[in-house]
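Letter by letter, the chains look like this.
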Amino acid sequence: MKYTQLGRTGLKVSRLVLGTMNFGPQTDEPTSHGILDAALDAGLNFVDTANVYGWGENKGRTEEIIGSWFVQGGGRRDKTVLATKVYGSMAGDGDPWPNHDRLSALNIRRAVEASLKRLQTDYIDLYQFHHIDRRTPFEEIWQAVDVLIQQGKILYAGSSNFPGYKIAQANETAARRGTVGLVSEQCLYNLAERRAEMEVIPAAQEYGLGIIPWSPLHGGLLGGVIKKEVEGSRRASGRSADALANTSVRAQVQAYEDLLDKNGLEPGETALAWLLTRPGVTGPIVGPRTAEQLESALRALELELSDELLMALDEIFPGPGPSPEAFAW
């Protein structure tokens, strides 16, 4: 396993992040525990979740699955860099009471305590804001975070789905308070979706945030979806099906799969390996539903993409270019 620093911190994390969104809704508890064990055995020490995972009436279930894995012992918690998130509503259906969502000091305090209970641990390594909260000032957010850090309940704070200007606002506010601020940004970023390169990633790099891309295969679009359709092994669904309905996108994906087939490479592994070449990227989030999918993701760490192949990928999926040149002179 290869490791790197999380942004400007001294924390060492694996270059792949184990995403757990499927644990509960699609992957049962024993299988989820097996994937967690296999990841830890491979040296993957960075596990990402969120308080809302499990969804619907089962919100919090994914954290519970991780918690029941931790209590099995064997150093599982000590070896794991644990990241979870706060923002979405944890209120039950029909619950009329407010303050169960967003980033008020009250909800942050309440959400941390509930996550710690579900995770069966006494601290969270990386506590991430799942979305911006336009109603709560960063002074209030950092006040709540500072108390939790002083109490030892969280160690670092990160963001997810923040635009570049909010990363700047957050960290400038933290700097005025004399605190560390955000140390990571979790954003949508992959070969087919590169808009983060315009503003988000430059802001993250400027402020020393580690970049954690989610949906590295763009909902399966970059995982060999056309070949699987032709072979009849799997039909496109969700985001990838919607994207393939666009003829120009389908042509791009076909050119991508043809290029990799010519070079004897697997599409999904190559998409992950490409992200590992990008400046500022700590590691992409992989969300395996099975142990076999985890094994495939781990193989991406061994791939070295040639300059010629990287140039060819840029031709198929060109990025937006730097800001402001991408939209100005």
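Look above for the structure.
The structure contained in this document is the topic of the report that follows. (Residues numbered from 1 in each chain as written. Predicted model: local features only at pLDDT ≥ 70, side-chain atom pairs only at ≥ 80, totals over all residues. Heavy atoms only, no water.)

Remarks on the overall build of the protein
In step 1: If you tally the helices and strands in the protein, you get 13 helices and 10 strands.
In step 2: Computed over its C-alpha atoms, the radius of gyration of the protein comes to 20 Å, within 12% of the 20 Å expected for a compact globule of 329 residues.
In step 3: Counting only C-alpha atoms and orienting by the principal axes, one finds that the protein spans roughly 55 × 55 × 40 Å.
In step 4: In the protein, which comprises 329 residues, the share counted as buried stands at 50%.
In step 5: Residue pairs in contact within the protein that sit at least 24 positions apart in sequence constitute 77% of those at least 6 positions apart.
In step 6: Working note: accessible area of the protein is about 15300 Å², and carbon and sulfur atoms make up 50% of it.
In step 7: Charged side chains of the protein number 33 positive and 42 negative; the gap between the two group centres comes to 4 Å. (Helix = DSSP H or I, 4+ residues; strand = E, 2+ residues; numbered from the N terminus. Rg over C-alpha atoms; globule rule 2.2 N^0.38 Å. Buried < 20%, exposed > 50% of the residue type's maximum accessible area, 1.4 Å probe, protein only. Contact = heavy atoms within 4.5 Å. Areas by Shrake-Rupley, 256 points an atom, 1.4 Å probe, with all protein chains shown as cover. Lys, Arg positive; Asp, Glu negative; His and termini not counted. Charge placed at Lys NZ, Arg CZ, Asp CG, Glu CD.)

Thoughts on helix α4 (residues 105-119)
Quick reminder: α-helices carry 3.6 residues per turn. Residues three or four places apart thus point the same way.
In step 1: Given a rise of 1.5 Å per residue, 15 residues ought to cover 21 Å, and the 21 Å separating the end C-alpha atoms of α4 matches this to within 8%.
In step 2: All of the buried residues along α4 are N107, I108, A111, V112, S115, L116, R118 and L119. The arc that holds every buried residue of α4, seen down its axis, measures 160°, which confines them to one face. Turned more than 90 degrees off the buried face of α4, the exposed positions are R109 and K117.
In step 3: Along its buried surface, α4 packs onto α2 (61-70), β5 (81-86), β6 (124-129), α5 (138-150) and β7 (154-160).
In step 4: Among the residues trailing α4, Q120 stands out with phi positive, at a value near 55°. (Expected span 1.5 Å × (residues − 1). Arc of directions from axis to C-beta.)

Focus on helix α1 (residues 29-41)
In step 1: For α1, spanning 13 residues, the distance from its first C-alpha to its last is 18 Å, which sits close to the expected 18 Å at 1.5 Å a residue.
In step 2: Residues of α1 that are buried include every one of S32, H33, I35, L36, A39 and L40, and no others. Within α1, the buried residues cover an arc of 160° as seen down the axis, which keeps them to one side. Along α1, the residues that are exposed and aim more than 90 degrees away from the buried face are P30 and D41.
In step 3: As for α1, its buried residues are in contact with β3 (17-19), β4 (46-48), α2, α3 (76-79) and α12 (291-299).
In step 4: Where α1 ends, the next residue or the one after it, G43, has phi of about 95°, a positive value.

A few points about the side chain of D133
In step 1: Along the chain, the position of D133 falls in the loop between β6 and α5.
In step 2: Here L103 takes part through its backbone nitrogen, which lies 2.9 Å from a polar atom of the side chain of D133.
In step 3: Among the polar contacts listed, one links the side chain of D133 to the backbone nitrogen of R135, at a separation of 2.9 Å.
In step 4: Ignoring anything within four residues of it in the chain, the contact list for D133 reads Y87, R102, L103 and S104. (Polar contact = N/O pair within 3.5 Å; in protein donor to acceptor, adjacent residues only side chain to side chain.)

So, the nonpolar core
In step 1: One finds I108, F129, W142 and Y256 to be the most contacted residues of the largest nonpolar core, which totals 73 residues.
In step 2: I108 has contacts with L103, Y127, F129, I141, A144 and L148, leaving out every residue within four places of it along the chain.
In step 3: Counting residues in hydrophobic clusters, the runner-up holds 11 residues, among them F46, A83, L126 and I285. (Core = buried A, V, L, I, M, F, W, Y, C linked by side-chain atoms within 4.5 Å.)

Considering the sheet that holds β3
In step 1: Ordered in space as β9-β8-β7-β6-β5-β4-β3-β10, the eight strands form an open sheet in which the pairing is parallel. The sheet is open, and its two borders are formed by β9 (210-214) and β10 (285-286), each paired with just one other strand.
In step 2: Here β3 runs beside β10; their pairing, made up of two bridges, is parallel. When the bridges of β10 are listed, V17 appears paired with I285.
In step 3: Contacts from α4 reach β5, β6 and β7 within the one sheet, and its direction differs from that of β6 by about 135°. (Pairing = 2+ DSSP bridges. Axes fitted to C-alpha atoms, helices over the stretch in contact; angles between N-to-C directions.)

Some points on the packing of α1 against α2
In step 1: In the contact formed by α1 and α2, the axes pass within 10 Å of each other and the chain directions differ by 60°. On the basis of their axis angle, the class for α1 and α2 is oblique. Of the two elements, α1 crosses α2, and the hand of that crossing is right-handed. The segment α1 lies against α2, with E29, S32, H33, L36, D37 and L40 engaging R61, I65, S68 and W69.
In step 2: Residue classes in the contact of α1 with α2 are distributed as four nonpolar, three polar and three charged. (Parallel < 35°, antiparallel > 145°, perpendicular 65-115°, else oblique. Left-handed = near helix turned anticlockwise from the far one by under 90°. Nonpolar A, V, L, I, M, F, W, Y, C, P; charged D, E, K, R; others polar.)

With respect to the pairing of strand β8 (residues 182-188)
In step 1: When you tally the buried positions in β8, you get six out of seven residues, the bulk of the element.
In step 2: Summarising the sheet, β7 and β8 pair through three bridges and their orientation is parallel. Following the sheet pairing, A157 is matched in β8 by L182.
In step 3: Regarding topology, helix α6 (residues 164-177) serves as the crossover connection from β7 to the parallel β8, and that connection is right-handed.
In step 4: Two elements, β8 and β9, share five bridges in a ladder whose sense is parallel. Counterpart to S184 in the pairing with β9 is G210.
In step 5: Between β8 and its parallel partner β9, the chain crosses via helix α7 (residues 200-206), and the hand of that crossover is right-handed. (Right-handed = clockwise from strand over helix to strand, strands pointing away.)

Keep in mind these numbers describe shape, not what the thing actually does.
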